[in-house]
Every structure is written in structure tokens, then in C-alpha cells.
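Tertiary structure, described
For reference, the chains in residue letters:
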Amino acid sequence: MQLTEAQRIVYDTAKRFAAKEIKPHVRERRDDPQFPIDIMRKLADSGLLGGTFPEEYGGGGIDNVSYVLICEAIGAVSPSVFTAALTVQLSLVGTAIERFGTDDQKQTFLPELFAAKRVGAFALSEPNVGSDPAAGELTARKNGDHWTLNGSKFWISNGSLADWIVVFAQTEPGKRHKGMATFLVDGDSAGLERQPIPDKLGLNASDTAALFFDNVEVPSDRLIGDVGAGFEIAQTSLESGRTSTAACAVGIIQACLDACITYAQQREQWGKPIAAHQLIQEMVAEMATDCEAARLLTIEAARARDEGGPATKNVVMAKHFATEAAVRAARNAISLHGGVGYLGEYPVEGLLRDAIGLSLYEGTTQIQKLILGRELLGVSAF
Ligand SMILES: Cc1cc2nc3c(=O)[nH]c(=O)nc-3n(C[C@H](O)[C@H](O)[C@H](O)COP(=O)(O)OP(=O)(O)OC[C@H]3O[C@@H](n4cnc5c(N)ncnc54)[C@H](O)[C@@H]3O)c2cc1C
């Protein structure tokens, strides 16, 4: 992988941070949704939470390639921390405000997010609405100088903890994309009830919540972008999110590969290290190839974003390939470890559970392929 000196420094800094600040606590805090919030503050203090955002808003001003290298390094150690602190706080919430907010909104909200003084959430999905977000049922009605929101959101990462929630709402039911609007809602608004969703398969240190809006009043100056721009805001933010998630998946594959090499060289069966058995070598060879392929696709997606041209094709390719390759790698890493791979004491079983989550959020693998198909064939199949 060809990196500039500056990109290499960012990557090494993030890897050192992950090893020192995250790794020692991953096991004892694996179910603690506060863990990523504590880490977020340390990430901010270390200058790793500003992403690609302009420095005038407290952003990091780095390029997208450097950003995905941070995501890979953090994701390799804790996909939960990655989810809460990077893809949600920066890619989704940060992008929605920075790309579509007014100057006032950017000045008010972005520095607080990048300093980790406030936590953000991004609420698009609903109980009845996932892959087809234009069908959203949560409504927003204008009443004088404020909007009134009614309905519910589901699956919202950071949802129980967030100070500010980017909420997508329908202003004219039935109008789909044309009626979608985006609001920045205070987490402690009157009429907003938040319930953590228990028992996820993985990503257990990342809070996920259901949100219930009962006549929640939102001041007009909390509308982000124009009414009707909601779908574009969601897709633009998701494109950043998907690029970062592909990078987290690369981190998972790398972590599986590293764990497998170490274990295969130590564990002996039939009088020799299992590393000397051909089928073990096949698993490691496939994992290493997947890792490099996923990394190259992800870096290419980040470069396409840096160049400012259309990046959708690269982004969805990277997201579906890397997240599915991470599931494959983690599944094989458990096999390679034998029985102990099935224990929480080794990292690989948790990585499998986390990797599956990445293949679902910000659009499932099927949705990424449908977007890619549309890009290639010029016709939408959904
Ligand atoms: C851990 C986690 C965190 C999440 N965090 C957030 C968050 O912070 N904010 C947020 O808004 N959402 C979040 N989500 C929700 C996530 O984005 C959705 O789960 C995802 O988009 C899929 O929607 P759905 O679950 O409703 O599945 P559905 O849309 O009901 O899909 C069910 C199945 O049908 C397939 N499918 C759907 N349409 C088609 C089609 N046209 N052709 C072929 N197959 C199709 C899907 O690929 C899937 O296999 C999170 C989810 C998880 C698991």
C-alpha cells in the first residue's frame, strides 16, 4: 500500500492509540456502551477525532485516505468504538451538518462534536423502514416557528446517549424523497423517549436504541438543509459512513490474520505447528488476500472521494466486499483456532459477531450490490 509520509504518521499514531488506550480494556468493557464515549474524549485529545472536516470548525483537515487509516486501526481493536466514535459521530452526523448546515449550525455544533464534548446520533431507520428510507413514517409538521415530530426510529447507534440526533422526517406523507427533511434534535427534548435495544449479536459496547417521538417540538433553526433535501443528506452522509465502515472491516480482517498467524505458529498437532499443515496455510493465504483486496478497494474509494469526483461505485464496492470478507475471515479465524476460537478469551469470536453487524448497517450487502448494479447498468432494480 503506497502512503505518503503524512498518511503513514496518522496510521501509526492511530495504531499506537488503539494498542494503548483501547485494547487493554476491550474485554472487560465489551458490553459497556459508555466505553466508546470515554475513548471518544481521548481520541479528541489525541487529535484523531477531527476527520476530514475543516480546521475552522475544529476538524482535523486530513484527507479521506488518512481518515480510513484511522478507521482501520481503531476498527481492528474495537468495531464498537469505531461505530460510535467514527462512523456515527464523524461520518454520519459530522457530514450531514458540515455539508448541508448553515454557517451558524456548523459553528455551533461541529466543534463540540469534534472535541467529543457532545455525542451525536443519526436516525434514519424505523421499525417499518430500513433499506427503503424514502418510505419513512416519522412525520414533521410546521407549527409557526417550530416543527412537531411524531413517530419512531429504530436501530439508532448512540441513540440512548446522544446529545444531538440527526433525525430524518417526512413532511408530506406519500411524497417519498421530495418530502424528506432533516432536523438536529436535542436528546433531552420533551416528548422524546429513548430505549436501549438489548441482546444484539455483536457490537455490544456500542449503544443501539429505539426512539419514540410524541409531539417533539424542534425549533425551525434546527432544520438542516431544505425541506426535500433529506434523502440527499442521508445518501451523502452514508457515502462517508460506508467508506469508513469498509475500513473498519479491513481492520477486522487484519486482526484475524494477525491472531491466526500467531496461533498457528504456537499450536502444535501431529507433532508440528499447525502452521505447517496445508489447509491452515490455505486459510491464512485466503485471509491475507482478502485483507489486501479489501484494503486496496477501501483506499481507492477514499482516493476517489479526495479527488472530488463520483465515488459511489468505489464506495459500495469497498463496503460490500470488505464487510463480507471480514465475516469470512472471522469465521475462518475461529476454525483455525479450533475450540478456543469459540471462547471470548480470544478475540476472533467477537470479531465475527461484530463483522456481521457491519455487513448490515449503512445499507446491507444486497443494497450495496443493487447500488453498484445501478451504477454499472444504468437502471435501478429497487
Ligand atoms: C448494529 C446496527 C446499528 C445500526 N445503526 C443505525 C443507525 O445508527 N442509524 C440508522 O438509521 N440505522 C441503523 N441501523 C439500521 C440499519 O441501517 C438497517 O438495519 C439496514 O439498513 C437494513 O434495514 P432493515 O433492518 O430494516 O432490513 P430490511 O430493509 O427489512 O431488509 C431485510 C432483507 O431484505 C433485503 N432487501 C431489502 N430490500 C431489498 C431489495 N430491493 N432487493 C433485494 N434485497 C432487499 C435486505 O438486504 C435484507 O437482507 C443499524 C443496524 C444495526 C444492525
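Note that the structure is a prediction, hence the values are computed from the model and not measured.

What follows concerns the site of the ligand. Taken together, 23 residues lie near the ligand, and L124, G130, S131, S157 and Q366 sit nearest. When contributions to the shell around the ligand are tallied by element, the ones reaching two or more residues are β1 (120–123), β3 (146–157), α9 (348–360) and α10 (365–377). When the residues that make up the shell around the ligand are grouped by side-chain class, the tally is 12 nonpolar, nine polar and two charged. The two domains that each donate at least three residues to the shell around the ligand are domain 2 (121–230) and domain 3 (241–377).

This next bit is on the domain arrangement of the protein chain. How big an interface is tends to be stated in terms of the accessible area lost upon association of its parts. Split by domain assignment, the protein chain resolves into domain 1 (5–118), domain 2 (121–230) and domain 3 (241–377). Here the C-alpha centre of domain 2 lies 23 Å away from the C-alpha centre of domain 1. Of the residues lining the interface, 23 residues belong to domain 1; the matching set on domain 2 comes to 18 residues. Those elements giving two or more residues to the side of domain 1 that touches domain 2 turn out to be α2 (35–45), α4 (79–100) and α5 (103–114). Partitioning the side of domain 1 that touches domain 2 into residue classes produces 13 nonpolar, five polar and five charged.

It is worth spelling out the nonpolar core at this point. Within the largest apolar cluster, 121 residues are counted, with the highest numbers of intra-cluster contacts made by F183, A249, I252, I253, C256 and A330. Considering every element that reaches this core, the biggest residue donor is helix α6 (residues 230–266), with 16 residues. Among residues more than four places away in sequence, those in contact with A249 are A294, A322, T323, A325, A326, A355 and L358.

Rules behind the numbers
Residues numbered from 1 in each chain as written. Predicted model: local features only at pLDDT ≥ 70, side-chain atom pairs only at ≥ 80, totals over all residues. Near = placed C-beta within 6 Å. Helix = DSSP H or I, 4+ residues; strand = E, 2+ residues; numbered from the N terminus. Nonpolar A, V, L, I, M, F, W, Y, C, P; charged D, E, K, R; others polar. Domains from an automatic or database assignment. Contact = placed C-beta atoms within 7 Å. Core = buried A, V, L, I, M, F, W, Y, C linked by C-beta atoms within 7 Å. Buried ≥ 20, exposed ≤ 12 C-beta atoms within 10 Å, placed from the backbone.

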